[in-house]
Amino acid sequence: MGAMEKVFSVTLQSGKITDVYFAKDIKDLSSQLSSYSQNALWVFDTNTAPLFKNLPPNRVVLESGEKNKNLKSIERIISAALDYHLARDSYFIAFGGGVVCDMTALASSLYMRGTKLVLVPTTLLCMVDASVGGKTAIDYAGAKNLIGTFNPAQDVLISCDTLRTLSESEYISGLGEVLKHALLSKDEELYNFLVKEKDKILSRDRDVVSQMVKLSIEVKNFYIESDPEEKKGIRSALNLGHTFAHALESITHFTGLSHGKAVAWGCGRALDISYELGLIDNDFYTKANNLFNMYPFDMDYRVGRGEWLEFQDAISKDKKRMSGSVKFVLLEGFGKPVLKQLDMKLVQRTVISGPAKSNNK
């Protein structure tokens with residue numbers, strides 16, 4: 001693999017393995033990518049295409065953004081693969097954030113019943129969340145990620161250099177998922193790292209950010225390897241904060257808040273309810289809240305009374321429903337997620353008025 005360092009191998013369903021490599025810089029990444037030869041289709045979006053001086057000829061450049069995560073984009077990828085006469089043994093290489101990686105992975109799983117897949121996540125959110133785990137998806141009929149498959153990538157190539165090109169808002173968005181992983185980790189290594197290295201993380205120091213991404217992926221790996229196809233309920237722990245977050249994204253029509261900021265906010269609501277139900281003590285509640293408050297997240301955001309019905313409707317559409325009921329991920333402490341059905345009155349009060357108990361600071 002040349003200059004890239006293999007950091008993880010993740011074993012997924014039916015023994016499929018994803019190798020995760022880290023590049024020291026964009027130069028190492030480029031030399032690795034050139035080794036996939038001509039037998040490949042490159043998928044960029046309008047944000048990532050400009051990162052390269054010379055784009056490979058076999059490419060498709062999609063419009064960036066969640067609103068393009070649809071069947072039309074899948075057709076564009078598949079048509080391009082046909083135009084370039086790609087066969088089953090070819091590579092689909094995604095270069096971008098979660099939207100590009102999710103769509104390329106879906107197209108790869110459909111084209112001739114499956115090609116090889118390489119993901120090059122260029123956003124923090126995609127590095128720590130979307131690139132490992134094998135999920136592919138597009139949005140459909142207003143529902144996020146409604147159509148999708150499981151299709152793990154052979155290789156995931158990460159260069160934290162690409163994070164320098166992100167806007168502040170996008171970078172902070174990725175941190176939302178990292179902080180979520182800190183709560184889900186069985187030990188406090190990632191939590192302590194986030195507290196201690198806060199300034200370097202926010203200034204995107206390359207070595208510190210690389211270390212943070214590795215620690216974060218490690219947490220995610222633990223959950224996906226224990227439950228590759230989301231059949232046992234273990235992997236659903238990774239949805240901590242997400243039922244709240246998806247509903248918030250839905251009522252703000254994916255414009256108000258970035259995904260990671262919504263996730264951070266959702267983790268805050270899950271902590272409020274875990275505390276109110278007596279699942280966590282005051283120490284853990286305060287410690288976890290302090291972590292989110294150290295970073296630039298709006299944890300005090302409140303859903304308006306007039307938005308509640310839409311918010312509740314969005315929760316009921318959440319695709320993680322099991323046999324008609326929505327289960328929320330709550331916590332009993334570090335790395336101790338629990339799934340619970342909640343009374344909607346409790347949810348309503350928490351998102352509109354805030355937590356009922358004071359945490360006696």
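Everything discussed here concerns the structure shown above.
What counts and what doesn't
- Residues numbered from 1 in each chain as written.
- Predicted model: local features only at pLDDT ≥ 70, side-chain atom pairs only at ≥ 80, totals over all residues.
- Heavy atoms only, no water.
- 1 Å grid on protein atoms, 1.4 Å probe; cavity = no way out; pocket = protein on both sides within 12 Å on 5 of 7 lines; lining within 4 Å.
- Points joined across faces, edges and corners; volume = space filled by probe spheres on them.
- Helix = DSSP H or I, 4+ residues; strand = E, 2+ residues; numbered from the N terminus.
- Nonpolar A, V, L, I, M, F, W, Y, C, P; charged D, E, K, R; others polar.
- Core = buried A, V, L, I, M, F, W, Y, C linked by side-chain atoms within 4.5 Å.
- Buried < 20%, exposed > 50% of the residue type's maximum accessible area, 1.4 Å probe, protein only.
- Contact = heavy atoms within 4.5 Å.
- Polar contact = N/O pair within 3.5 Å; in protein donor to acceptor, adjacent residues only side chain to side chain.
- Pairing = 2+ DSSP bridges.
- Axes fitted to C-alpha atoms, helices over the stretch in contact; angles between N-to-C directions.
- Parallel < 35°, antiparallel > 145°, perpendicular 65-115°, else oblique.
- Left-handed = near helix turned anticlockwise from the far one by under 90°.

Visitor: Would you explain empty space enclosed by the protein in this entry?
Guide: Under the definition given, this model contains one cavity of 30 Å³ or more. As a volume, the largest cavity reaches approximately 50 Å³. For the largest cavity, the lining is made up of 13 residues, of which Ala105, Leu119, Ala130, Lys135 and Asn151 are closest to its centre. Looking at the lining of the largest cavity, the elements with two or more residues in it are α3 (98–110) and β6 (116–121). Here the element with the most residues in the lining of the largest cavity is α3; it accounts for three residues. Of the residues in the lining of the largest cavity, the class split is seven nonpolar, four polar and two charged.

Visitor: Just checking my understanding: could you explain the nonpolar core for this structure?
Guide: Considering soluble globular proteins, one finds that nonpolar side chains tend to be buried as a cluster. The biggest cluster of nonpolar side chains holds 103 residues, and the ones touching the most others in it are Tyr171, Leu194, Met212, Val213 and Phe311. If we skip the residues at most four places from it in the chain, Phe311 touches Phe244, Ala247, Leu248, Ile251, Trp265, Val303 and Val351. One finds Phe44, Ala49, Val120 and Leu157 within the second-largest nonpolar core, a separate group that totals 16 residues.

Visitor: Help me understand the side chain of Thr123 in this model?
Guide: Position of Thr123 among the secondary structure elements: in the loop between β6 and α4 (124–130). By relative accessible area, Thr123 is classed as buried at 10%. Reaching out from Thr123, the side chain makes a polar contact with the backbone nitrogen of Cys126 at a distance of 3.1 Å. When near neighbours in sequence (up to four residues on either side) are disregarded, Thr123 contacts Gly96, Gly97, Gly98, Leu163, Leu166 and Glu170.

Visitor: Explain the pairing of strand β8 (residues 143–147) to me, please; I cannot follow it from the model alone.
Guide: Regular strands place their side chains on alternate faces of the sheet. Judged from the two bridges that link them, strand β7 (residues 138–140) and β8 form a sheet pairing that is antiparallel. Counterpart to Tyr140 in the pairing with β8 is Ala143. The antiparallel pairing of β7 with β8 creates a hairpin that spans two residues between the two strands, and Ala141 there sits at a positive phi of about 50°.

Visitor: Where do I start with unusual backbone geometry in this structure?
Guide: Both trends apply: most residues other than glycine have a negative phi, and most peptide bonds are in trans. At His85, a residue that is not glycine, the phi angle is positive and equals roughly 55°. When you line up the elements, His85 lands in the loop between α2 (71–83) and β5 (91–96). Although it is not a glycine, Met112 sits at a positive phi angle of roughly 50°.

Visitor: Mind showing me how you'd approach the sheet that holds strand β1 (residues 5–11) here?
Guide: Adjacent strands of a sheet pair through backbone hydrogen bonds, lying either parallel or antiparallel. The seven strands lie next to each other as β1-β2-β9-β6-β5-β3-β4, forming an open sheet whose pairing is mixed. Across the chains shown, the open sheet's two edge strands, defined by having one partner strand only, are β1 and β4 (59–62). Averaged over all neighbouring strand pairs, the angle between strand axes comes to 20°, with direction disregarded. Relative to strand β9 (residues 155–159), strand β2 (residues 17–23) is paired through five bridges, and the arrangement is parallel. Directly across from Phe22, in β9, lies its bridge partner Ile158. Relative to β5, α3 is tilted by about 170°, and along the sheet it contacts β3 (40–45), β4, β5 and β6.

Visitor: Looking at this structure, I do not really get the packing of helix α6 (residues 189–196) against helix α11 (residues 282–294). What am I missing?
Guide: Axes are the key here: two packed helices are described by the angle between their axes and the distance separating the axes. Running from amino to carboxyl end, α6 crosses α11 at an angle of 40°, the nearest separation of the two axes being 10 Å. In terms of orientation, α6 and α11 fall into the oblique class. Judged by the twist between their axes, the crossing of α6 over α11 is left-handed. Of α11, the residues touching α6 (which contributes Tyr191, Leu194 and Val195) are Lys287, Leu291 and Met294.

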